[in-house]
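# Structural characterization, general
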Amino acid sequence: MNISRRQILILLPAAAVAWKSVLAGTPEASPNYKMSDHWWGMLIDISKCIGCGNCVRACQTENDVPDGLFRTWVERYHVSDENMTSPEVISPDGGKEGFPVAKADEGKYFFVPKMCNHCADSPCTQVCPVGATFISPDGVVLVDRTYCLGCAYCVQACPYGCRYIHPEKKVADKCTLCYHRITKGLTTACCEACPTGARQLADLKNPRDPIHEFLKTHSVQVLKPQMATGAKVFYSDLDGSVR
Amino acid sequence: MSVFKDAGHLFRFAGLFVLAFLAFLVVRHFVVPKSFGQYGHYRGAAIGEIAARPVKFAGHEKCETCHTDVMDKKKDGRHAHVNCEACHGAQDQHAGDPSAAKVVLPDTAVLCARCHTASAAKPKGFPQVEPADHSQGLPCETCHQPHNPGLDTPKTDTPKTDAGGAK
């Protein structure tokens, strides 16, 4: 086979382009989204939460969450002056329609929005017997509905109580960090609907994300740090009484 | 070859094992999804399926492409950072086809009270009122323009009444 110099000059770049597309792998649902470029988390600023329940309603609308079950919910803590270890916690209907008026008296009140912590070392994915729940390459803990058996091991394993069995689909269900939104460049439904900016989606792999500046300049905490789950929902101004 | 003199049954048994193993490989090939193990011990295609779920909240950037007038009203006010759908609800259908999905305006009596009803549990700096005492039954929008609720920029089409401010 004889190939002229002219043919080689044409063929080489073509081969390079073809090889590049092979290296890129299978295209994902969102064409411009690369999983390896992201590592998702969330920032929740307790000092900004007013307990309006917008996040809970937005989440239920966006994700068709059945009534009475929650992917995110808001708790109201009442900690009396001298009894910090046993706070009074309420969350009527997940805080969906707000909270009863609190009268100023002894102790302090504050709201704590809760959701899946999208743990880097998540206990829930470790117990799944069939590989139906997993942490995606961009750091979101997801459930494969077609693979899940509904055994509920993961529901028991989650130390934060963030999972439930979907009453109709009979599979484990949980916060997806609005994966269908964040892969399209949108923020989550709860962040979109939060009127005070108490919730902010954070991309820990994006050096331009304001989360880095915030983490440097504020004291933040994760829930149950003693469990070493690698939780990626960071709470600012979190009181020590929160469990 | 006296060692294998009476070993015919062992070879048949071994053959059976080989056949069973081949059958296992064939069944496994058809039963295990193609993308299983692509990224880890799970079905890689599940990620794409979850990412393909429908969006219901359009996102404020989409609203802002058309409603520039509201953006101008909002930008200097105290609600500048409140996203459209925080009050107006999920509007992706409307954003896709504004004529088909008409937006229902929220009832301010419920909407405003949800955030601004006074409670000791809310952060101290957040503007809060006792709805009954504050407006004497008047609707909020009599004095406060929801897109720019400060009283220094009153709603132009209604006269300013002295009902007290949410400061």
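The structure under discussion appears in the preceding block.
Now for a look at the structure at hand. Counting restarts for each chain, with residues numbered from 1 along the sequence as it is written. Following the order in which they are written, the chains are lettered starting with A and the ligands numbered starting with 1. This being a predicted model, a pLDDT of at least 70 is required before a residue's local features are given, and a value of 80 or more before pairs of side-chain atoms are given or counted; all residues contribute to the totals for chains, interfaces and linings.

Quick look at the overall build of chain A now. We count a stretch as a helix when DSSP gives it H or I for four or more residues in a row; a strand needs E for two or more, and each element gets its number in order from the N terminus. Tallying secondary structure elements over chain A gives seven helices and eleven strands in all. Counting other C-beta atoms within 10 Å of its own, a residue is labelled buried from 20 upward, exposed at 12 or fewer, and partly exposed in the gap between, with every C-beta atom placed from the backbone. By residue count, 40% of the 243 residues in chain A fall in the buried class. The contacts in chain A between residues at least 6 apart in sequence include a share of 64% that link residues at least 24 apart. Residues are scored as being in contact if the C-beta atoms we place from backbone atoms lie within 7 Å.

On to the sheet that holds strand E3 (residues 83-90) of chain A. Residue and element names in this part refer to chain A. Paired strands, as defined in this entry, are two strands with at least two bridges between them according to DSSP. Judged by pairing direction, the sheet is antiparallel, and its three strands sit side by side in the order E3-E2-E4 without closing on themselves. Taken across any chain shown, the strands that pair with only one partner, and hence form the sheet edges, are E3 and strand E4 (108-115). Across the sheet, the axes of successive neighbouring strands diverge by a mean angle of 35 degrees, strand direction being ignored. Relative to E3, strand E2 (residues 72-80) is paired through four bridges, and the arrangement is antiparallel. Residue Tyr-77 lies in a different strand from E3, and its bridge partner there is Val-89. Lines fitted to the C-alpha atoms define the axes, with helices restricted to the stretch that makes contact. Angles between their N-to-C directions range from 0 to 180 degrees.

Each side of the interface is counted separately: chain B has 31 residues, and chain A has 42 residues. Of all the secondary structure elements, the ones that give two or more residues to the side of chain B that touches chain A are helix H2 (45-51), helix H5 (84-88) and helix H7 (108-116) of chain B. Top element by residues in the side of chain B that touches chain A is H2 of chain B. It accounts for five residues. Side-chain classes are defined by residue name, with Ala, Val, Leu, Ile, Met, Phe, Trp, Tyr, Cys and Pro counting as nonpolar, Asp, Glu, Lys and Arg as charged, and the others, Gly among them, as polar. Its residues assigned to classes, the side of chain B that touches chain A shows 17 nonpolar, eight polar and six charged.

Turning our attention to the sheet that holds strand E11 (residues 233-236) of chain A. All names here are of chain A. With mixed pairing, the four strands of this open sheet are ordered in space as E9-E1-E11-E10. The open sheet is flanked by strand E9 (199-203) and strand E10 (220-221), the only strands paired with a single partner. Direction of pairing for E10 relative to E11: antiparallel, over a ladder of two bridges. Bridging across to E11, Val-220 finds its partner in Ser-236.

Quick look at the environment of Asp-239 of chain A now. Residue and element names in this part refer to chain A. Looking at the element boundaries, Asp-239 is found in the segment after E11. Each C-alpha atom, one on Asp-239 and one on Phe-110, is 8.8 Å from the other, the two residues being 129 residues apart in sequence. Apart from the residues lying within four places of it in its own chain, the contact partners of Asp-239 are Tyr-77, Val-79 and Phe-110.

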